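A look at the structure
These are the residues of each chain, in order.
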Amino acid sequence: MSDTVYPAPAGTDDSIDATRADAAWQRAASDPEGYWREEAQRLDWITPFTQVKDTSFDEADFRIRWFADGELNVSANCVDRHLATRGDQTAIVWEGDEPGETKTLTYRELHRDMCRFANVLKTLGVKKGDRVTLYLPMIAEAAAAMLACTRIGAIHSIVFGGFSPDSLANRIQDCDSTVVICADEGCRGGKRIPLKANVDKALAHCPGVEHVLVIRRTGGDVSMTEGRDIWLHDALEGVADECAPEPMNAEDPLFILYTSGSTGKPKGVLHTTGGYLLWVTKTFKEVFDYREGELFWCTADIGWVTGHSYVVYGPLANGATTVMFDGVPSYPDHGRLWETVDRLGVNILYTAPTAIRALMREGDDWVKKYRRTSLRLLGSVGEPINPEAWNWYYRVVGDERCPIVDTWWQTETGGILISPLPYAIDLKPGSATKPLPGVQPQIVDAEGKVLDGATEGNLCLTDSWPGQMRTVWGDHDRFFQTYFSTYPGKYFTGDGCRRDADGYYWITGRVDDVINVSGHRMGTAEVESALVSHVKVAEAAVVGMPHEVKGQGIYAFVTLNAGVEPTDELRTELRQWVRNEIGPIASPDALQFAPGLPKTRSGKIMRRILRKIAENDTGSLGDTSTLADPSVVDTLVAERIG
Ligand code: ATP
Ligand code: MG
């Protein structure tokens, strides 16, 4: 592992430096009431709260409530309150699938679109507390639709546009949505996605859906069911430009979002109004050190929590300008991100290790073709970022000028929990560094014993933070059982973690994925990083496999860089490479070259499926509905070693 340290650069007078970061962390820990009372002033409250924190992780009096008697409205915080000072500032820059297919929306225009959309929802009978499912491309109307739901107190549930009709139907049924909002078609990487046709198929199994609101995106042919389906542009005719924001209790539900499904059946994570909005407002401002006038680009889809928190709610609540990208990093070519950065003048780029590794694989020339001088800060989220990929991002993309914030968080946490504050914390490639103020991580062993100092174990959080999820929709018991029963009194993240002597946190992968070789517990991240640091390797995934002597052996799946031939010599070389990098214990027992790895639709490697292949137990792959490309699995099964 890399031990290089990159000292934090100096920020502006307003940036959080090391002294301020320490003071905030101490204050949040010693006086949470006072700290959060002040922090909550980042939001506009309709009815000020008197209660601040009311939480307990103990089974006997389990509860998570923040600012519980306050009232506010999310859309008013994200839009209305900016109108007086920045009504004509761009709120959203929409970048289509084709480069240069761009549209901008000012805060005033967003206000009008959102209000009109909300009025349409009202005419369809949508009321406070009703669930509305969104199945949309990354178009500006998607943000307007989200905000329109919050305007009237409806709970949105966004389903990623890449999901199949079955997956969509499951998610609609799980939360009993009565209205679905979709587009005729989506465009991604030059291909059309039949969104409306997928909805039609899904609704054959969803009798509870009364209306489908269809947005025209491509003009493609779709069938409309009379009485049920309505074009948005028709519904908007004659609709008023104003819609008063519904006063919502801080603990009223804001949205439901299903997790990526890396470990199994997705969970319907419920977030509420006040705590969630405060958390994303604060973390967006502090982690990205967002500065007036800057252009922020988070490449995530709104179908994932990253898109909720850092494409829409966090940026807009801060009056920022946010990019909504309806394309993919590889279309029309591998220079797309950098071409777009230059053309739009992007200052902050926030993307995922899977995208970074995929672009790294194609070589530096695609990046160097563009200037990228507007970039100030880079971010990463979604998986552990291998030091190799971190260094490439830092050196090649950022020209050694832009700090990288490696942000660890989960759908469940609402927003970022462990991350550098870029002008306060020295960076170590591959480490998410330290907890943000108000975040209290703890590392425990399998029995729950607290491990102090430099150590490795299971990552828990000992106390609540405002952005924490409140329940699993429709199954409060599953919520408690999943997160609070493993280590009583603590929230268990499911992730493994190492803390070094400087107090830096290194996420080692999911605890379920830990491999035990001859009694040595190994996280997947370390072995994978060693493989990826070889010049010929683009991506790697390792899992345990049964081994007669060692208990478990290491099975590695390796994707090579573009143009590299898979040979037996290379296989031997890579096993030797890991042996040199980490030690003999980590040398893979089996190494299979993989043209592609099974990933969730958000781009995360699904080791659960690879484990089944390694164990030669391919009859029971479990829930594969969240796989991006199921055909990858067939190839891996066919070429399995042993
Ligand atoms: P499911 O819970 O359904 O299995 P998921 O965990 O992939 O799916 P998400 O909430 O999208 O769903 O992902 C959160 C997880 O992603 C974290 O628990 C962690 O394993 C991983 N992760 C996110 N960011 C980072 C990061 N910066 N470093 C390391 N791991 C990360
Ligand atoms: Mg998870």
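Residue numbering note: each chain is counted from 1, following its sequence as written. In the order they appear in the text, chains get letters beginning with A and ligands get numbers beginning with 1. pLDDT decides what is reported in this predicted model: residues at 70 or higher carry local features, side-chain atom pairs at 80 or more are listed and counted, and totals for whole chains, interfaces and linings draw on all residues regardless. Hydrogens are left out, water is left out, and the side-chain values use all remaining heavy atoms of the structure.

**Remarks on the overall build of the chain**
Here is the rule: Secondary structure follows DSSP: runs of H or I at least 4 residues long count as helices, runs of E at least 2 residues long count as strands, and numbering of each begins at the N terminus. As a reference, a globule follows 2.2 Å times the number of residues to the power 0.38, and the radius of gyration itself is taken over C-alpha atoms. Residue burial is assigned from relative accessible area. The probe radius is 1.4 Å, only protein chains are included, and a residue is buried under 20% of its type maximum, exposed over 50%, and partly exposed in between. Throughout, a residue-residue contact means that at least one pair of heavy atoms, one from each residue, lies within 4.5 Å. The Shrake-Rupley method, run with a 1.4 Å probe, gives the accessible areas here. Residue values count only the displayed protein chains as cover. Residues scored as charged are limited to Lys and Arg (positive) and Asp and Glu (negative), so that His and the chain ends carry no count. By convention, charge coordinates are those of NZ in Lys, CZ in Arg, CG in Asp, or CD in Glu.
Counting its regular elements, the chain contains 20 helices and 31 strands. Whereas a compact globule of 642 residues would reach a radius of gyration of roughly 26 Å, the chain reaches 24 Å, a difference of no more than 12%. In terms of its C-alpha atoms, the chain occupies a principal-axis envelope of roughly 70 × 60 × 55 Å. Taken over 642 residues, the chain has a buried fraction of 60%. A fraction of 72% describes how many contacts in the chain between residues 6 or more apart in sequence connect residues 24 or more apart. When the accessible surface of the chain is summed, it comes to about 23100 Å², and 48% of that surface belongs to carbon and sulfur atoms. Charged side chains in the chain number 66 positive and 90 negative. The centres of these two groups are separated by 1 Å.

**Focus: the UniProt feature "domain: AMP-dependent synthetase/ligase" (unreviewed entry) in the chain**
Threshold: UniProt positions are given in the numbering used here, feature names are shortened, and annotations may be inferred rather than shown by experiment.
Per the UniProt record, the feature "domain: AMP-dependent synthetase/ligase" (unreviewed entry) sits at residues 80-462. Summarising residues 80-462: 31% helix, 23% strand, and an end-to-end C-alpha distance of 36 Å.

**Describing a negative patch on the surface**
Spelled out, the test is: Candidate patch residues must exceed 30% relative accessible area and have no salt bridge, after which like charges are joined if within 9 Å and Val, Leu, Ile, Met, Phe, Trp or Tyr side chains if within 5 Å. We count a salt bridge whenever a side-chain nitrogen from Lys or Arg sits within 4 Å of a carboxyl oxygen from Asp or Glu.
A grouping of Glu59, Asp174, Asp176, Asp475 and Asp477 is seen on the molecular surface, where their side chains present a negatively charged patch. Along the chain, the position of Glu59 falls in the loop between strand S1 (53-56) and strand S2 (63-66).

**Examining the site of ligand 1**
Filter applied, for reference: Any residue with at least one heavy atom within 4 Å of a molecule or strand is counted as near it. Under this definition, polar contacts are N or O atom pairs within 3.5 Å; protein pairs additionally need one hydrogen-donor-capable and one acceptor-capable atom, and for neighbouring residues in sequence, both atoms have to be side-chain atoms. Residues were grouped as follows: Ala, Val, Leu, Ile, Met, Phe, Trp, Tyr, Cys and Pro as nonpolar; Asp, Glu, Lys and Arg as charged; and all remaining residues, including Gly, as polar.
Around ligand 1, a shell composed of 20 residues is seen, among which Thr259, Ser262, Thr263, Thr411 and Lys604 lie nearest. Separating an oxygen atom of ligand 1 from a backbone N or O atom of Gly261 is a distance of 2.7 Å. Between ligand 1 and Arg510, the relevant distance is 2.9 Å, taken from an oxygen atom to a side-chain nitrogen or oxygen of the residue. Taken by itself ligand 1 offers 640 Å² of open surface, and the protein chains cover 94% of this. Of the residues assigned to the shell around ligand 1, the class counts are four nonpolar, nine polar and seven charged.

**What to know about the nonpolar core**
The following threshold applies: For this analysis, a nonpolar core means a set of buried residues of the types Ala, Val, Leu, Ile, Met, Phe, Trp, Tyr and Cys, connected via side-chain atoms within 4.5 Å.
In terms of nonpolar packing, the biggest core is built from 140 residues, with Phe67, Phe117, Ile181, Phe288 and Tyr313 touching the most fellow members. Broken down by element, this core gets its largest block of residues, ten residues, from helix H6 (residues 140-152). With sequence-adjacent residues up to four places away left out, Ile181 is seen in contact with Phe117, Leu121, Val132, Thr133, Leu134, Tyr135, Leu136, Ala145, Leu213 and Ile215. Membership of the second largest hydrophobic core comes to 47 residues, among which are Tyr370, Cys402, Leu574 and Phe593.

**A closer look at the side chain of Glu528**
By secondary structure assignment, the location of Glu528 is in helix H17 (residues 524-532). The exposure class assigned to Glu528 is buried, which follows from its relative accessible area of 4%. Apart from the residues lying within four places of it in its own chain, the contact partners of Glu528 are Asn386, Ala540, Ala541, Val542 and Arg607.

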